[in-house]
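The lines below spell out each chain.
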There are 4 protein chains.
Amino acid sequence: MPVLEFYRNRGIQLDLAVEAHALLRGDAQQEIPGVSESKEDFENSKVTTVVIQDPAAAQMMGKAPGTYITIDAQGLRESDPLIHDSIAEVLAQKLAELLEIQNIPQNAHIMLVGLGNWAATPDALGPKVISRVFVTRHLHKYIPEQMGPGTRPVSALSPGVMGITGIETAEIIRGAVEKVTPACVIAIDALAASNVERICSTIQIADSGINPGSGVGNTRSALDRNSLGIPVIAIGIPTVVHAEIIMYEAFNNLRKAVPGMSRQINDATLQQTVNNMLMPFGGHLTVTPKEIDSLINNAARCVATALNQSLHPDITSENANLFLQ
Amino acid sequence: MPVLEFYRNRGIQLDLAVEAHALLRGDAQQEIPGVSESKEDFENSKVTTVVIQDPAAAQMMGKAPGTYITIDAQGLRESDPLIHDSIAEVLAQKLAELLEIQNIPQNAHIMLVGLGNWAATPDALGPKVISRVFVTRHLHKYIPEQMGPGTRPVSALSPGVMGITGIETAEIIRGAVEKVTPACVIAIDALAASNVERICSTIQIADSGINPGSGVGNTRSALDRNSLGIPVIAIGIPTVVHAEIIMYEAFNNLRKAVPGMSRQINDATLQQTVNNMLMPFGGHLTVTPKEIDSLINNAARCVATALNQSLHPDITSENANLFLQ
Amino acid sequence: MPVLEFYRNRGIQLDLAVEAHALLRGDAQQEIPGVSESKEDFENSKVTTVVIQDPAAAQMMGKAPGTYITIDAQGLRESDPLIHDSIAEVLAQKLAELLEIQNIPQNAHIMLVGLGNWAATPDALGPKVISRVFVTRHLHKYIPEQMGPGTRPVSALSPGVMGITGIETAEIIRGAVEKVTPACVIAIDALAASNVERICSTIQIADSGINPGSGVGNTRSALDRNSLGIPVIAIGIPTVVHAEIIMYEAFNNLRKAVPGMSRQINDATLQQTVNNMLMPFGGHLTVTPKEIDSLINNAARCVATALNQSLHPDITSENANLFLQ
Amino acid sequence: MPVLEFYRNRGIQLDLAVEAHALLRGDAQQEIPGVSESKEDFENSKVTTVVIQDPAAAQMMGKAPGTYITIDAQGLRESDPLIHDSIAEVLAQKLAELLEIQNIPQNAHIMLVGLGNWAATPDALGPKVISRVFVTRHLHKYIPEQMGPGTRPVSALSPGVMGITGIETAEIIRGAVEKVTPACVIAIDALAASNVERICSTIQIADSGINPGSGVGNTRSALDRNSLGIPVIAIGIPTVVHAEIIMYEAFNNLRKAVPGMSRQINDATLQQTVNNMLMPFGGHLTVTPKEIDSLINNAARCVATALNQSLHPDITSENANLFLQ
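Residues numbered from 1 in each chain as written. Chains lettered and ligands numbered in written order. Predicted model: local features only at pLDDT ≥ 70, side-chain atom pairs only at ≥ 80, totals over all residues. Heavy atoms only, no water.

Peer 1: How would you sum up the overall build of chain A? Please name residues and give values.
Peer 2: Scanning chain A for helices and strands turns up 13 helices and nine strands. Expected size for 325 residues packed as a compact globule is a radius of gyration near 20 Å; at 20 Å, chain A falls within 12% of this value. Viewed in the frame of its principal axes, chain A has a C-alpha envelope of about 75 × 45 × 40 Å. Buried residues in chain A amount to 63% of all 325 residues. The contacts in chain A between residues at least 6 apart in sequence include a share of 73% that link residues at least 24 apart. Here chain A contributes 23 positive and 33 negative side-chain charges, whose respective centroids are spaced 4 Å apart. (Helix = DSSP H or I, 4+ residues; strand = E, 2+ residues; numbered from the N terminus. Rg over C-alpha atoms; globule rule 2.2 N^0.38 Å. Buried < 20%, exposed > 50% of the residue type's maximum accessible area, 1.4 Å probe, protein only. Contact = heavy atoms within 4.5 Å. Lys, Arg positive; Asp, Glu negative; His and termini not counted. Charge placed at Lys NZ, Arg CZ, Asp CG, Glu CD.)

Structure follows, in structure tokens:
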């Protein structure tokens, strides 16, 4: 299982459960005990649900136990707003399902958290989503009589990253959660994929929270039920692929195409070649499509639309702007 | 004392202690018991220190007891960076004095808080300062051996306003303060003045914290020693004048220029005239110079320079960028 | 006619033809020879069309001959997107009428020009509109077979202001017009009104182009049929009121409310009072509502929607994003 | 010479003359007729000057005849402002040399042009430089008596890209040049390198202008003495590496490390492997360091500093802000 080894040797964590599962299963598609996977088809997207059922499976997968729902929607990279809307609808429905699994009541206060650095393009997804969601907690608190039954209290934070604040992001969120006691946190973050086709076309939602090392390279401590005392749903979209993965994949494709080659190139040689290329940037080179700025804007708009629909089913286009800043 | 009455009738709070003091003293310059005022001259600025000594004086002034230092520096509106630097030096020195009055040790952790709405030009001063300060708490925590003696742990937050987050700003800050336990908070905020000459040319620093209703019209609850348990130093710069004050001042000037006029125009007529003008905007019209965007950028740069100098005396231009994001 | 005199003495130009006409007609509503005015009512807006028919009338009005259509729509300041859409529809229809008056063929190339300074909030309307319009000239030129009959070639420029480029804005536009020879220019600009209620709630479109001194205080040379050789349609929205007008209006209201006062206050006294207030800012103080940033964003979105509808009747929400950057 | 062939087969143009020269010379370092190269060492940078002397050499190099000066300065990626200043000084000196080679008089009007898309991070270098340069043409024209002898008329444009304006960028610039007749254009653009170490650490200046296909993938027509009638100096900094080059280089390193491998992998296999990886993004994947936003800000600041020093030798920090917007 050389790919997994390559990743582990280099300390690369797979943010997407579907990718981790596929790698573990290998070409032979063997079953992984304690991990189930199911698929659904929608008009403009395919949904794969991976459930990691126990600690042993979590250990193998390198991911916490929980339900990981992956929406694959190449249409998110095209320019058709109707397709984007139909993807947002699937996301809204899956979010509602996860909230129900977690027993979050319809009118409970939910805190949205946009993780990442608003000043670094591929890391700005979370803050961009936050700037587009309906924020209503203060309205429900101060003018409850004006709030219809189909909206709920929603608060929203973009806490920044440690390099900007000097504070561990999890600490800022923990502080805010203790003060305003939401029933659930939904955290939005940029991810890294191992396949360039997934950039800004895959959405993962999971009820296992956010765990150290996820995201585009920033070490953050965990945001999950353990650390916050409430359910944490994570929404992530890959915005980059690590350059070393691209190189590794290229080598792998080459190995398959050239007979006998895999015996010739030992793992040490391959690691060394990758290292030599990445040395000047400390392994932090990332691969993005040229149009990453606009792809991220599209993705942020889609996630915000889904959050708004899912959390406030009765806010329609007629009254939407009341809740936008 | 008709001006003060006009303000009180309209619920206008004077953000600047020097303005409140001048109004209270009136043309006759009477002494206000429990309030002292002293002046110093610097090359490019004048400093006025107003001390509100007891609750009775605080009640009269409409401001909490404490030391209010006002730096008047018209040069902040000109384009000479050398003049800006000399103003920043005075601000740095006065900040150091307030920190000493509050017994904050040289190496204690200080949390900087940029109040206000980054998406509303005249309210964005605080977040703009935060984006320019040296943030070091994480470096002192994780690589203390690399931090020289002339720097200290500094953290920095721009929590946004309630319309953006759905959460009372004071609650977010309280949460963060409890988690990372700084020795002192320094909060930066945009103010309203009653004189257009003060816009982006006056800097007020005070050790009394931030109190409800300060800032450009956003109701916030108090940020002070009472609410946070640690000293709170406030740095404020006026970025607007309420339009009603401009109108009132114009009437006042006219009254003085036309003999007998003040008897003719009673207060009710004047209030009504002002109301009629402001009605369509609910009293929220503000007066700003056309070049407000660039004036605020200059002011933010000056405050950030002063904070950096004052908090980290040994960070020089050679090593500064290590601490900037 | 003291108001008009006050304006002329101070060199204030009235950007809105309806305001100039109302002032000229005075309380007695006298007819102005060579100027006609008509009104229409729509669901969320009122439309007033002022036609300045000859040079003599132009001289009196202080505005070039032409058709000036004013859409008054307080709903532009509210948060209901459906109302915004209905206002955009009226604007689109009026634009289409002006294009027809000017004999611009349905498929002719139109150049959109966003005047103003993108770095100064109240002056940024034009560039903000430009960032939201469908740009299609290059598509019609390089992939004409993919462009349906209901779209036309549209190009778009935000040339900046002279302080940013060092070049007279009209020169940059003249240069571009000569190179790509559009059939018509539509220029979008921020205006000054004399009434705060008009800020971001009034839209003026005119077929007389843009003339020196219009806009928020920047001297620009003319953009009109004379200077460019093609029709120039101007779309303007007031984003500020000059502070001196606010003061003057306040005095005027007071004069009306206090019997006998107008005899007492002579014009020199009044001018002097206004001057004293404005001196430190050279007369450049402007009055804006606090929420000006979001009001301008709404206005820009409405104008862009109307331009897109009017210029490309067959671009619908399904294919819109193809033409947006 | 397989690398060159790989590039040509894939239509990759080498933006940097030093890279094209090195590839042509190959491992054997053979001389290329009509191309000279010389080197200088400075404290924080190395300068390589490549002169392409005749059309035959230009044909081989795939670049127009002219002088190409490359400044290699890894310090541009570090955080020391003193090092940045020393790099800017070298750039200012080399710019002055090129202006002299082109016989541009000391007081002649120079137009700066920031190429690229301000809304796409890796393509925004040019507009970012333009926002930081001293613009003085209007001051020299309207208040010449206030302009000292050590400044000159400078104008500045960021014309945008064709996707934003619908107009070929060269047409906009040609139009402006005809109207205001500068003596020389200096164009700033983001480049692509073939080595990740060069990203934001290499600066190329050339007196041959900008030629089709340069920049990050946007086809633009030429900006050179032929098309504009005046000398065009180009300043470029690589901000990306095409992903296919990274892959190719990785293969190459591997070929060298594994004995006998180069015979096994034929060019078709290699091309196919690269194609398979890039297909979903049409070959437009780029590799950037994670911190690209801040690297570009540093690079833009350095280029602007050098332009200001070089074009206005007598503008010092004391009077600099007079000329900044």
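After that view of the structure, there is still more to cover.
Peer 1: Which residues make up helix α13 (residues 292-311) of chain D, and what values go with them?
Peer 2: Taking 1.5 Å as the rise per residue, α13(D) with 20 residues should run 28 Å; its terminal C-alpha atoms sit 28 Å apart, in good agreement. In terms of residue burial, α13(D) counts as a mostly covered element, since 15 of its 20 residues are buried. (Expected span 1.5 Å × (residues − 1).)

Peer 1: I'd like to hear about the side chain of Arg152(D), residue by residue, with values.
Peer 2: Residues and elements named next belong to chain D. With respect to the element layout, Arg152 can be found in the loop between α6 (137-142) and β5 (154-157). Here Arg152 occupies a buried position and makes no salt bridge, while the nearest side chain of opposite charge, Glu100, is found at 10 Å. Discounting chain neighbours no more than four positions away, the residues touching Arg152 are Leu99, Ile104, Pro105, Gln106, Asn107, Ala108, Ile110, Thr136, His140, Leu311 and His312. (Salt bridge = Lys/Arg side-chain N within 4 Å of Asp/Glu carboxyl O.)

Peer 1: Which residues make up the pattern of salt bridges, and what values do they have?
Peer 2: Residue and element names in this part refer to chain A. In the structure shown here, the tally under the stated rule is 44 salt bridges over all chains. Between Lys46 and Asp41 there is a salt bridge, with the nearest N and O atoms lying 3.8 Å from each other. Of the residues examined, Asp41 reaches a relative accessible area of 60% and is grouped as exposed. Counted as one network, the salt bridges with shared partners bring together Glu19, Asp72 and Arg198.

Peer 1: Break down the relation of the copies chain D and chain A for me, with residues and values.
Peer 2: Relative to chain A, chain D is turned by 180 degrees and slid 0.0 Å along the rotation axis, the superposed coordinates differing by an RMSD of 0.1 Å. Accordingly, the operation relating the two chain copies is best matched by a two-fold axis. Rotation axis and chain D: the residue whose C-alpha lies nearest the axis is Val287(D), separated from it by 2.2 Å. Here 100% of the contact residues of chain D are again contact residues in chain A; the copies associate through an equivalent surface. (Least-squares fit on C-alpha atoms with pLDDT ≥ 70 in both.)

Peer 1: Quick rundown of the state of the cysteines? Include the residues and the values.
Peer 2: Residues and elements named next belong to chain D. According to the stated counting rule, one finds zero disulfides over all chains in the structure shown. Between Cys184, a cysteine without a disulfide, and Cys302, which holds the nearest cysteine sulfur, the sulfur-to-sulfur distance is 19 Å. Cys200 takes part in no disulfide bond, and the closest cysteine sulfur to it belongs to Cys302, at a distance of 11 Å. (Disulfide = S-S within 2.5 Å.)

Peer 1: Run through the interface of chain D and chain A, naming residues and quoting values.
Peer 2: Opposite the 40 residues of chain D that make contact, chain A presents 40 residues. Overall, the association of chain D and chain A removes approximately 3,500 Å² of surface from exposure, summing both partners, and the carbon and sulfur fraction of that is 69%. There are zero salt bridges connecting chain D and chain A. The interface formed by chain D and chain A holds five residue pairs in polar contact (both at pLDDT 80 or more) in total. Every element with two or more residues in the side of chain D that touches chain A is listed here: α10 (243-257), α11 (261-264), α12 (267-278) and β9 (285-289) of chain D. (Buried area = accessible area lost by both parts, 1.4 Å probe. Polar contact = N/O pair within 3.5 Å; in protein donor to acceptor, adjacent residues only side chain to side chain.)

Peer 1: Before we move on, can you summarise helix α2 (residues 17-25) of chain C with the specific residues and values?
Peer 2: Residue and element names in this part refer to chain C. For α2, the tally of buried residues reaches eight of nine residues, placing the bulk of the element in the interior. Every buried residue belonging to α2 is among Ala17, Val18, Glu19, Ala20, His21, Leu23, Leu24 and Arg25, and all of these are buried. Backbone geometry just after α2 places Gly26 at a positive phi near 70 degrees.

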